[in-house]
Amino acid sequence: DAGITQSPRHKVTETGTPVTLRCHQTENHRYMYWYRQDPGHGLRLIHYSYGVKDTDKGEVSDGYSVSRSKTEDFLLTLESATSSQTSVYFCAISGGGGDYEQYFGPGTRLTVT
Amino acid sequence: KNEVEQSPQNLTAQEGEFITINCSYSVGISALHWLQQHPGGGIVSLFMLSSGKKKHGRLIATINIQEKHSSLHITASHPRDSAVYICAVRVNTDKLIFGTGTRLQVFP
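Below you will find a few notes about this structure.

What counts, and at which threshold
- Residues numbered from 1 in each chain as written.
- Chains lettered and ligands numbered in written order.
- Predicted model: local features only at pLDDT ≥ 70, side-chain atom pairs only at ≥ 80, totals over all residues.
- Heavy atoms only, no water.
- Salt bridge = Lys/Arg side-chain N within 4 Å of Asp/Glu carboxyl O.
- Buried < 20%, exposed > 50% of the residue type's maximum accessible area, 1.4 Å probe, protein only.
- Pairing = 2+ DSSP bridges.
- Helix = DSSP H or I, 4+ residues; strand = E, 2+ residues; numbered from the N terminus.
- Axes fitted to C-alpha atoms, helices over the stretch in contact; angles between N-to-C directions.
- Contact = heavy atoms within 4.5 Å.
- Buried area = accessible area lost by both parts, 1.4 Å probe.
- Nonpolar A, V, L, I, M, F, W, Y, C, P; charged D, E, K, R; others polar.

It is worth spelling out the pattern of salt bridges at this point. Residues and elements named next belong to chain A. Within the structure shown, the criterion is met by five salt bridges over all chains. Note that Asp38 and Arg44 form a salt bridge whose closest N and O atoms lie 2.8 Å from each other. Summarising the burial analysis for this pair, Asp38 and Arg44 share the class buried. It is possible to trace a salt-bridge network through shared partners that takes in Arg22, Lys70 and Asp73.

Residue and element names in this part refer to chain A. Overall, antiparallel pairing links the four strands, which are arranged β1-β3-β8-β7 in an open sheet. The two strands at the open ends of the sheet, each matched to only one other strand, are β1 (4–7) and β7 (64–70). Taken pair by pair, the neighbouring strands of this sheet meet at an average axis angle of 20°, ignoring direction. Across five bridges, β7 lies against strand β8 (residues 73–78) in antiparallel orientation. The residue bridging Tyr64 from the neighbouring strand is Leu78, located in β8.

By a widely used convention, the size of an interface equals the accessible area lost when the partners come together. Counting residues at the interface gives 16 residues for chain B and 16 residues for chain A. Summed over both partners, the interface of chain B with chain A buries about 1500 Å², with 59% contributed by carbon and sulfur atoms. In terms of surface lost to chain A, no three residues of chain B exceed B:Ile43, B:Asp94 and B:Phe98, which account for 37% of the buried area on that side. Here chain B and chain A share zero salt bridges between them. Residue assignment for the side of chain B that touches chain A shows that the elements contributing at least two residues are β4 (31–37), β5 (43–49), β9 (83–92) and β10 (95–98) of chain B. Residue composition of the side of chain B that touches chain A, by class: six nonpolar, seven polar and three charged.

Have a look at this one:
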């Protein structure tokens, strides 16, 4: 299995509070992704990174920000959590180049009350 | 209309049956992925293919680029195959578009 961890694995928070989710990889892969998974929807891309300090928006980026200050860590921040951000969040990594497989972390279940 | 459509959405089978899950897409792609998500939530890549057919154990994936269609077959299904199977297409070098998944339950 690819070395990807996510923390926390579960979190309950109140509306309006800031939340940061962490994705950590030990594979030295260039690309990192944050997705959310909701019933009735496929996995949807929130933000992704193609290198240290290089990030771009996905299809559902409103209300989220990201940072990548080193290769191994990709942080997802909800500046002011809302109930619509209750979801399961997955991080994924990819080597790019000749290897376009995406390897997924275990997921973080976030509940915003 | 979703760019990636899977059918069926739900599928039940008896152990030993041959299973087919379909994926159709409406965009140009460079590759197609099949993923498996177990009840515990973890997502595992099964196949990545851009043409033809791949086989791994009892799993077979095929793709027809002209028809914009892929199938995932499971031969001699087993209860441990119960999971959600997800089709995803790669539309450029670094992004995937996902289907909503097919929930498979295999009963003994």
